[in-house]
Amino acid sequence: MHNSQVSAETWSIAELAAEYDVTLRTIRFYEDRGLLTPERRGTARVYHPRDKVRLGLILRGKRLGFSLDEIAKIVDMYDAEPGEEGQLVYLLDQITHRRAELEQRRRDIEETLADLREVEARCRADLSALRSPLRKP
């Protein structure tokens, strides 16, 4: 590995992309949107711990279904002074809203899985009935 002292404090775009399993284009897109602000050393981008944490928050937000605008507001709160009432109220509202959506998705998924089990059982029974006369001499 490279100089561990340097890589513990900063990362290249390729290192972040590999660690988070995303493309360089994805990281550059988030940078273009102002969500990441790496240091520039010549033509190279140098990412600091702040950028790494922000990228993790962005990707988690995407997995949870937040829009980039919602993610930007939430990620920007990471850098803000803690305890600002308006930010905390906004974040709590977003959490409540997202939790309700995810709970509904969970119910929908459970119902769909139950429906699939029922259809699968009927298909297996029908297939078994169709095959049984063929097995008799």
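Values in this document were obtained by computation on a predicted structure and should not be read as measured data.

## Some remarks on the overall build of the chain
Next, step 1: If you tally the helices and strands in the chain, you get six helices and two strands.
Next, step 2: The N-to-C order of helical and strand elements in the chain reads α-α-α-β-β-α-α-α.
Next, step 3: Buried positions account for 24% of the 137 residues belonging to the chain.
Next, step 4: Residue pairs in contact within the chain that sit at least 24 positions apart in sequence constitute 46% of those at least 6 positions apart.

## Remarks on the pattern of salt bridges
Next, step 1: Counting across every chain of the model gives eleven salt bridges.
Next, step 2: Residues R124 and E120 are paired through a salt bridge, measuring 3.0 Å at the closest nitrogen-oxygen approach. Placement of both R124 and E120 in helix α6 (residues 85–135) is noted, with a separation of four residues, approximately one turn of the helix.
Next, step 3: A relative accessible area of 38% places E120 in the partly exposed class.

## Overview of the layout of surface pockets
Next, step 1: Approximately 300 Å³ is the volume attributed to the largest pocket.
Next, step 2: Along the walls of the largest pocket sit 15 residues, with L64, F66, I74, I95 and R98 positioned nearest its centre.
Next, step 3: For the lining of the largest pocket, the secondary-structure elements that each account for two or more residues are α4 (49–63), α5 (68–79) and α6.
Next, step 4: Ranked by residues supplied to the lining of the largest pocket, first place goes to α6 with seven residues.
Next, step 5: Partitioned by chemical class, the residues of the lining of the largest pocket number nine nonpolar, one polar and five charged.

## Let's talk about the packing of aromatic side chains
For any pair of aromatic rings, the description rests on two quantities: the centre-to-centre distance and the angle between the ring planes.
Next, step 1: Applying the stated criterion across every chain yields a total of one aromatic pair.
Next, step 2: Looking at R98, its charged tip hangs above the ring of F66, at a distance of 4.2 Å from the centre.

## Regarding the packing of helix α2 (residues 13–20) against helix α3 (residues 24–32)
Next, step 1: With their axes 9 Å apart at the nearest point, α2 and α3 run at an angle of 110° to one another. With respect to their mutual orientation, α2 and α3 come out roughly perpendicular. In contact with I13, A14, L16 and A17 of α2, α3 contributes L24, I27 and R28.
Next, step 2: Per-class residue counts for the contact of α2 with α3 are six nonpolar, no polar and one charged.

## Here we look at the environment of S12
Next, step 1: If you trace the backbone, S12 turns up in the loop between α1 (4–9) and α2.
Next, step 2: Using a relative accessible area of 27% as the deciding quantity, one classes S12 as partly exposed.
Next, step 3: For the pair formed by S12 and P38, sequence separation is 26 residues and the distance between their alpha carbons is 9.3 Å.
Next, step 4: Apart from residues lying up to four places away in sequence, S12 is in contact with R45 and Y47.

Definitions and limits used
- Residues numbered from 1 in each chain as written.
- Predicted model: local features only at pLDDT ≥ 70, side-chain atom pairs only at ≥ 80, totals over all residues.
- Heavy atoms only, no water.
- Helix = DSSP H or I, 4+ residues; strand = E, 2+ residues; numbered from the N terminus.
- Buried < 20%, exposed > 50% of the residue type's maximum accessible area, 1.4 Å probe, protein only.
- Contact = heavy atoms within 4.5 Å.
- Salt bridge = Lys/Arg side-chain N within 4 Å of Asp/Glu carboxyl O.
- 1 Å grid on protein atoms, 1.4 Å probe; cavity = no way out; pocket = protein on both sides within 12 Å on 5 of 7 lines; lining within 4 Å.
- Points joined across faces, edges and corners; volume = space filled by probe spheres on them.
- Nonpolar A, V, L, I, M, F, W, Y, C, P; charged D, E, K, R; others polar.
- Phe/Tyr/Trp six-rings, centres within 6.5 Å; stacked < 30°, edge-to-face > 60°.
- Lys NZ or Arg CZ within 6 Å of the ring centre and 35° of its normal.
- Axes fitted to C-alpha atoms, helices over the stretch in contact; angles between N-to-C directions.
- Parallel < 35°, antiparallel > 145°, perpendicular 65-115°, else oblique.

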